[in-house]
Amino acid sequence: MAEKLMKYADATKKYDVVFGLETHVELCTKTKLFCPAEVSFGGEPNTQLTPVSLGLPGSLPVVNKTAVDYAIKLGLALHCEIAEWSQFARKNYFYPDMPRDYQISQYDKPTNGNGYLDVELEDGTVFRVPIERAHIEDDAGKNTHVGGADGRIEGADHSLVDYNRAGVPLIEIVTKPIEGAGDRAPEIAGAYMRAIRDIVRALGISHARMEQGNMRADVNVSLRPSADAPYGTRSETKNVNSFRGIEKTIQYEIRRQAARLDEGKEILQETRHWDEASQTTAGGRLKSDADDYRYFPDPDLVMLHITKEHIAEMEAQMPEMPRERRNRLKAEWGLTDLQLRDILNADALDLIEETVKAGATAGGARKWWLGELSREANAKGVSLEELPVTPADVAEVEKLIADGKLNDKLAKQTIAGVLAGEGTPDEVVKKHGYKIVEDSGAIEAAVDAAFEANPDVVEKLKSGNMKPMGVIIGAVMKATRGQADAKAVTKIVREKLQ
C-alpha cells in the first residue's frame, strides 16, 4: 500500500529538516586496500581475488600506502584535522558479500575528522556542510539476485556473489547533522555530492562514476517540530547512486515522515531503499547502532602514523580545487554566471578546457560542446565524454574555420563524419572534398542566378529593407552545396545591390 505523503511545501513549513550523508568513494588504486589483487571494473566474476580478499584462514592484511595518501589528500581538501595516529577496526556483521564476516574500517580513531565543505548553489548562495569524518575502509562484494524483478531479492530463487569488489579501498565521508537547510535540503545535498565528485576527480583519487558504483551515498533524514527541539528519529536510505536520486530521496522522506508525524505515528529507525521506477523509498531492516557492530581494533594491523612532514609532502602535491578553478576559468573566458552554470550542468568544463588547451577559442569550444555535441549526446543517451570525438578533434575543426577552409555548415558535416567513425577532421574533409568556394566568379554567378529567381526580394533589398537578405544567401549556399563563404557571399550581394 502506498505511503501517505504531505505536500512538500507544507512539510518543510511545519517541521525542521535535519539530514546527513554518508558518501562512499571508491579509490582508483591499482590494487585492493589490504592485498595485491587487481582493481578494475567489469572483470569476469571472482577473478580479482587473493586469500585476503576471501578472508581465508591464515591470510594477513597489509595496508595499501597509496590509499592512505589518497585519504590524506581528501582530508586536506575537506579542511579536516588529520590524525597523527589512526587505527583500523573490525566492524562485525554477517552477510554473504562479506567473506570475513567483518569489514575492516575505522571507528574511534579515523584518519580525517572535523572538517567542512562550502558548496555553492545555483543562485550563488554558499552553504557550509560540516564533516564529521572521512575514514578508510574496504568494500564488500556484490550480490546478484536471480529470479526476482529488477535484480531485487524479493521473489528471487537464488543469489550469486562476486567477490571482485571485496577489499577495494573506499573512503567514507560522513557529514555531521546538516541543519538550517529548510526546503533547500535536496538542492544542498545534490550540490554537496557534485562538489565531492569534482574534488575527488581533481585529486585523481577516484573516477567517481556513480553509474559504476564508484560513488554512492546513504541518505539520513529526520524531522523535528522546531530548530531548538531534539533530533527526530532518522531513516537511512542506503546506496543511492545518482545525484537526482539523492535529491528525490530527501524530498520523499520529508513528505513521508511529515505525514506520519501529523497522524501521530512513529518514525522507525530503519534502513530504506530508493526505487527509481516508483520514485519512492521502501523499508528494509531496523537500523543498527554502533554497539551492534561490536567494533574493536584489528589485531592484524598496526596503527597508522602520519607525520607532519608527510602531510606537508601531500599538501605540496595538491592541485587547484574545483571551486577556485571554476572562478579562474570564468574570468579567463569572460563567462557570465548563467554561461558557467550551463557548462557545469552539461558536465563539459573539462572538455572545454582541454579543447582550449588544444588551440580553440573558449567561445568556439563552448559552442561545439554545448551545441551540436550536446544534442548528439542527448539523442544517443550518453554523456559528452562517451562520444567518439576528442577535444583535439574539436580544436582542429575550429582551426579549419579560422583558416577559412571550412564554414559553419561544412564544419558541422565534418564533426558528423568524425562521430560516424570516418577518421580525424582532416581525414573527413579530404574524404568528402569539403572546401569553401573561393572562386569569386562562381559566387557571382550563383548570386546572379539568385537575383534572377527572386526579383521581388531584390527590389526590397534595393529599397533598404535588408530582412530578406537570407533568401538570397540561402539560394547561393544551396547552389554551391554549402561550400561558399557566407561573408564573401554577403559582400558580393551588397556590391551588386549598389
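Note: the structure precedes this text.
Nothing here was measured: the structure is a model prediction, and the numbers come from that model. (Residues numbered from 1 in each chain as written. Predicted model: local features only at pLDDT ≥ 70, side-chain atom pairs only at ≥ 80, totals over all residues. Heavy atoms only, no water.)

**What to know about the overall build of the chain**
Working step 1: Helices and strands together make up the secondary structure of the chain, namely 17 helices and 16 strands.
Working step 2: The burial tally for the chain puts 47% of its 498 residues in the buried class.
Working step 3: Of the roughly 24,800 Å² of accessible surface on the chain, a fraction of 51% belongs to carbon and sulfur atoms. (Helix = DSSP H or I, 4+ residues; strand = E, 2+ residues; numbered from the N terminus. Buried < 20%, exposed > 50% of the residue type's maximum accessible area, 1.4 Å probe, protein only. Areas by Shrake-Rupley, 256 points an atom, 1.4 Å probe, with all protein chains shown as cover.)

**Comments concerning unusual backbone geometry**
Working step 1: Here the phi dihedral of Asn 114 falls at roughly 55 degrees; this positive angle occurs in a residue that is not glycine.
Working step 2: For Asn 114, the position within the fold is in strand S6 (residues 112-120).
Working step 3: With phi around 50 degrees, Asn 239 is a residue other than glycine that occupies positive phi space.
Working step 4: Relative to the elements of secondary structure, Asn 239 occurs in strand S12 (residues 235-240).
Working step 5: A relative accessible area of 43% means that Asn 239 is categorised as partly exposed.

**Looking at the packing of aromatic side chains**
Each aromatic ring pair is characterised by the separation of its centres together with the angle its planes make.
Working step 1: Counted under the stated rule, the structure contains 4 aromatic pairs.
Working step 2: Relative to Tyr 295, the ring of Tyr 293 has its centre 6.2 Å away and its plane inclined at 70 degrees; by these criteria the two rings are edge-to-face.
Working step 3: The ring centre of Tyr 293 lies 4.4 Å from the NZ or CZ of Lys 91, which sits over that ring.
Working step 4: Over the ring of Tyr 116 we find Arg 128, and its NZ or CZ is 3.8 Å from the ring centre. (Phe/Tyr/Trp six-rings, centres within 6.5 Å; stacked < 30°, edge-to-face > 60°. Lys NZ or Arg CZ within 6 Å of the ring centre and 35° of its normal.)

**Some points on the pairing of strand S7 (residues 126-138)**
Working step 1: Sheet analysis places S6 next to S7, joined by 8 bridges and oriented antiparallel. In the strand pairing of S7, Asp 118 is matched with Arg 128.
Working step 2: The turn joining S6 and S7, which pair antiparallel and follow one another in sequence, is formed by 5 residues; a positive phi near 95 degrees is taken by Gly 124.
Working step 3: Relative to strand S10 (residues 169-175), S7 runs antiparallel, the two being bridged by 7 bridges. If you follow Glu 137 over to S10, its bridge partner there is Leu 170. (Pairing = 2+ DSSP bridges.)

**Some details on the nonpolar core**
Working step 1: Ranked by size, the top nonpolar core spans 74 residues in total, and within it Phe 19, Leu 74, Ile 173, Tyr 192, Met 193, Ile 196 and Ile 246 carry the most contacts.
Working step 2: Per-element accounting of this core gives the leading share, 11 residues, to helix H3 (residues 185-203).
Working step 3: Excluding residues within four positions of it along the chain, Phe 19 makes contact with Lys 176, Pro 177, Ile 178, Ala 181, Ala 185, Ile 188, Ala 189, Asn 220, Val 221 and Ile 250.
Working step 4: Within the second largest apolar cluster, 32 residues are counted, among which are Trp 368, Leu 373, Val 428 and Tyr 434. (Core = buried A, V, L, I, M, F, W, Y, C linked by side-chain atoms within 4.5 Å. Contact = heavy atoms within 4.5 Å.)

**Here we look at empty space enclosed by the protein**
Working step 1: Counted according to the given criterion, the structure contains 2 cavities of 30 Å³ or more.
Working step 2: There is about 40 Å³ of room inside the largest cavity.
Working step 3: The wall of the largest cavity is formed by Val 52, Ser 53, Met 98, Pro 99, Arg 100, Asp 138, Asp 139, Ala 166 and Gly 167.
Working step 4: Per-class residue counts for the lining of the largest cavity are 4 nonpolar, 2 polar and 3 charged.
Working step 5: The space that makes up the second largest cavity amounts to roughly 30 Å³.
Working step 6: Together, Phe 34, Cys 35, Val 52, Ser 53, Arg 100, Asp 138, Ala 166 and Gly 167 line the second largest cavity.
Working step 7: When the residues that make up the lining of the second largest cavity are grouped by side-chain class, the tally is 4 nonpolar, 2 polar and 2 charged. (1 Å grid on protein atoms, 1.4 Å probe; cavity = no way out; pocket = protein on both sides within 12 Å on 5 of 7 lines; lining within 4 Å. Points joined across faces, edges and corners; volume = space filled by probe spheres on them. Nonpolar A, V, L, I, M, F, W, Y, C, P; charged D, E, K, R; others polar.)

**Observations regarding the pattern of salt bridges**
Working step 1: Counted according to the given criterion, the structure contains 43 salt bridges.
Working step 2: Residues Lys 265 and Glu 263 are paired through a salt bridge, measuring 3.3 Å at the closest nitrogen-oxygen approach.
Working step 3: You can call Lys 265 partly exposed: its relative accessible area is 43%.
Working step 4: On the accessibility criterion, Glu 263 (39% relative accessible area) is partly exposed.
Working step 5: Salt bridges linked by common partners bring Glu 320, Arg 325, Arg 328, Glu 332, Asp 350 and Glu 353 together as one network. (Salt bridge = Lys/Arg side-chain N within 4 Å of Asp/Glu carboxyl O.)

**What about the environment of Thr 424?**
Working step 1: By secondary structure assignment, the location of Thr 424 is in the loop between helix H12 (408-419) and helix H13 (425-432).
Working step 2: Measuring from C-alpha to C-alpha, the distance between Thr 424 and Thr 390 comes to 9.5 Å, with 34 residues separating the pair along the chain.

**Details of the packing of helix H9 (residues 362-370) against helix H11 (residues 391-402)**
Working step 1: One can describe the packing of H9 onto H11 by two numbers: an axis separation of 10 Å at closest approach and a directional angle of 120 degrees. As summarised for this structure, H9 and H11 are arranged oblique, according to the angle between their axes. Here the hand of the crossing between H9 and H11 comes out right-handed. Contacts between H9 and H11 involve Gly 364, Lys 367, Trp 368 and Trp 369 on the former and, on the latter, Pro 391, Val 394, Val 397, Glu 398 and Ile 401.
Working step 2: Here the contact of H9 with H11 is composed, by residue class, of 6 nonpolar, 1 polar and 2 charged. (Axes fitted to C-alpha atoms, helices over the stretch in contact; angles between N-to-C directions. Parallel < 35°, antiparallel > 145°, perpendicular 65-115°, else oblique. Left-handed = near helix turned anticlockwise from the far one by under 90°.)

**Focus on the side chain of Ser 235**
Working step 1: Structurally, Ser 235 is set in strand S12.
Working step 2: Of the residues examined, Ser 235 reaches a relative accessible area of 0% and is grouped as buried.
Working step 3: A polar contact is formed between the side chain of Ser 235 and the side chain of Gln 257, at a distance of 3.2 Å.
Working step 4: Filtering out sequence-adjacent residues up to four positions away, Ser 235 remains in contact with Val 219, Asn 220, Val 221, Glu 253, Arg 256, Gln 257, Glu 270 and Arg 272. (Polar contact = N/O pair within 3.5 Å; in protein donor to acceptor, adjacent residues only side chain to side chain.)

**Side note on helix H2 (residues 65-77)**
Working step 1: Over its 13 residues, H2 runs 19 Å from end to end, which matches the ideal 18 Å to within 8%, given 1.5 Å per residue.
Working step 2: In terms of burial, H2 is a largely internal element, 11 of the 13 residues being buried.
Working step 3: Considered for burial, the residues of H2 that qualify are Ala 67, Val 68, Asp 69, Tyr 70, Ala 71, Ile 72, Lys 73, Leu 74, Gly 75, Leu 76 and Ala 77.
Working step 4: The backbone nitrogen of Thr 66 lies 3.0 Å from a side-chain oxygen of the residue at the head of H2, namely Asn 64.
Working step 5: At the exit of H2 stands His 79, carrying a positive phi of roughly 55 degrees. (Expected span 1.5 Å × (residues − 1).)

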